[in-house]
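What follows is each chain in one-letter form.
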Amino acid sequence: MLPVGERINYDCYILFPNHHEGLRLHKELKAVGIKCTIAPPPRAATSFCGISLLVAEDLIEPARQVIDRCGVKIEGIARIPREASTSGGK
Amino acid sequence: MADYRKMWTDLGMDLEKHDLLCEALPGAFGEVFLSQENRPEGMDYFNFVVAEIHGVRPAELVEHKKKGGKVFGTFCVYVPDEVIIAAGAIATGLCGGSQFWVPDGERVLPANTCPLIKASVGARLGRTCPFFRLADVYIGETTCDGKKKAWEILQQEVPVHVMDLPQMKRERDIAAWAGEVRLLMNRVEEVTGNRVTPETLAESIKQINHKRKALARLYNARKSSPVPISGRDALLVSQIAFYDDPARFSAQVNALCDELDERISKGEGVFPSDAPRIMVTGTPMAIPNWKLHHIIETCGAPVVVEETCTGVRYFENFVDESKVDLDGQVQALAERYMRINCACFTPNTGRIDDILRLVKEYKADGVIDCSLQFCTLYSTESHLVQQALKKAGIPVMHLETDYSEQDTGQIRTRVQAFLEMLRK
Ligand code: SF4
Ligand code: SF4
């Protein structure tokens, strides 16, 4: 439980049609210094196995610009409260 | 997301059940790995392998098989991958580390069987792991009683070649193991239709030694204080070693190590340098068994080394590369593998020597000796392990656990008490 008034942090998971697109964006983001982590997409986002890129909420706008510039195909961005995304909702 | 359903269907998997497994992975992975602060960026590759564990690598094996290649599944670090690779085949680890597979194993095995065996048999019978479906032949060994009997059950499903592992380490036993390596070579040649030549074997010996060197480099980095990588991350790398393409894996481990070297030179770590350093010894931790490491590290202490088969037993000692004929190479393989110290040997004093040496090398403050439930070999050997550590003045704690979450709270309490004692 979060204490009342504490700000909830969100994680953003960028979802892809296949891992090739995911790895491509991973490389592009790293090249411009946007921190991202390869992760299985959380349950709340999709039920398929595969990769997603975990990006902090405040970096998602710059990440979007990279996505547009490079033409990487994505399947969406899931915004998930941090607690739930790294604890599996337990 | 990537849809591997067609591949899984073609492999005869139970998709509905498999979906449940896929659903559980992200939560578990997030909790254990993504919740860590300041993970090395080089871990991204290993995150990728886990996220795609039933996708990318199985698809590579499918491609290999389409071209007429064969896949051999192994369950023990005594089985020499070199021989399999030298015949142009792929070797893949098949050990089950998830509670998910246990009930399917219990359908045919006594409940008081070790979870590693139950999960491995269950992964095959429940049709929920592509690797267990892809292997053309399983390579078993006569290590523990539970496994010996499990081969007979698995044999009804898939051809199993059993290697007769000696249980002592006299000259004649090493010679006997060399004979078994030869028999494996014959079987692999027969299944693949390819000959193993001194040239192909020399090549695969080099390749696997290269992988061992990369892992040795990773473990070497863990000797630093503060430790530049968590035990959980290092364990994950070790677990992936059993599945991944050896050359790609070694390159990625080396890239990770470059980053760790940089951290070491800057004095950067993932735990404070005064946190108690823990060594784990005991039974293997097959993927995705991260339970003990997660408990220890979330109690504030890094695991700095594992004296297990998903740790140093996997990569220590190299195969002599100087031999140029098959007889010499087989002997060199037998000698290297017989230097692994598993509790199925008697006596097994080499393991105690290793534990005492590793405590020094990795500057461990305490040892957690952990056996999987119902593993008679490691539980019994624990008496001598604890005795030797106590005699050397090294704090030790023994635990027995399985893959379930039932005892997590209880283990956490015991680990906390142990760490409290170390901090005093
Ligand atoms: S613990 Fe023994 S039987 Fe199990 S994988 Fe290791 S060497 Fe093989
Ligand atoms: S942990 Fe023990 S009982 Fe289980 S497979 Fe290994 S040696 Fe056998």
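Preceding block: the structure.
Here goes a summary of the coordinates provided. These numbers come from a predicted model, not from an experiment.

1. Points about the packing of aromatic side chains
Okay, step 1: One pass over the full model with this rule turns up 16 aromatic pairs over all chains.
Okay, step 2: If you follow Lys169 of chain B out to its NZ or CZ, it ends over the ring of Phe345 of chain B, 4.6 Å from the centre.

2. Focus: the pattern of salt bridges
Okay, step 1: Evaluated as defined, the whole model comprises 42 salt bridges over all chains.
Okay, step 2: One salt bridge connects Glu57 of chain A with Arg79 of chain A, and the closest N-O pair in it is separated by 2.7 Å. Of this pair, Glu57 of chain A sits in the loop between β3 (52–56) and α2 (60–70) while Arg79 of chain A is found in strand β4 (residues 76–81), placing the two residues 22 residues apart along the sequence.
Okay, step 3: A salt bridge links Asp261 of chain B to Arg217 of chain B; the nearest nitrogen and oxygen atoms lie 2.9 Å apart. With Asp261 of chain B in helix α13 (residues 246–266) and Arg217 of chain B in helix α11 (residues 198–221), this residue pair connects regions lying 44 residues apart in the sequence.
Okay, step 4: Judged by relative accessible area, which is 28%, Arg217 of chain B ranks as partly exposed.
Okay, step 5: When salt bridges that share partners are traced, they join Lys223, Glu316, Asp354, Arg357 and Glu361 of chain B into one network.

3. Considerations on the site of ligand 2
Okay, step 1: Every residue close to ligand 2 is listed here: Cys114, Ile117, Cys144, Lys147, Thr283 and Cys375 of chain B.
Okay, step 2: For the shell around ligand 2, the residue count by class is four nonpolar, one polar and one charged.

4. Here we look at the environment of Asp10 of chain B
Residue and element names in this part refer to chain B.
Okay, step 1: Positionally, Asp10 belongs in helix α1 (residues 5–10).
Okay, step 2: A relative accessible area of 56% places Asp10 in the exposed class.
Okay, step 3: Measuring from C-alpha to C-alpha, the distance between Asp10 and Ser322 comes to 44 Å, with 312 residues separating the pair along the chain.

Rules used throughout
Residues numbered from 1 in each chain as written. Chains lettered and ligands numbered in written order. Predicted model: local features only at pLDDT ≥ 70, side-chain atom pairs only at ≥ 80, totals over all residues. Heavy atoms only, no water. Phe/Tyr/Trp six-rings, centres within 6.5 Å; stacked < 30°, edge-to-face > 60°. Lys NZ or Arg CZ within 6 Å of the ring centre and 35° of its normal. Salt bridge = Lys/Arg side-chain N within 4 Å of Asp/Glu carboxyl O. Helix = DSSP H or I, 4+ residues; strand = E, 2+ residues; numbered from the N terminus. Buried < 20%, exposed > 50% of the residue type's maximum accessible area, 1.4 Å probe, protein only. Near = heavy atom within 4 Å. Nonpolar A, V, L, I, M, F, W, Y, C, P; charged D, E, K, R; others polar.

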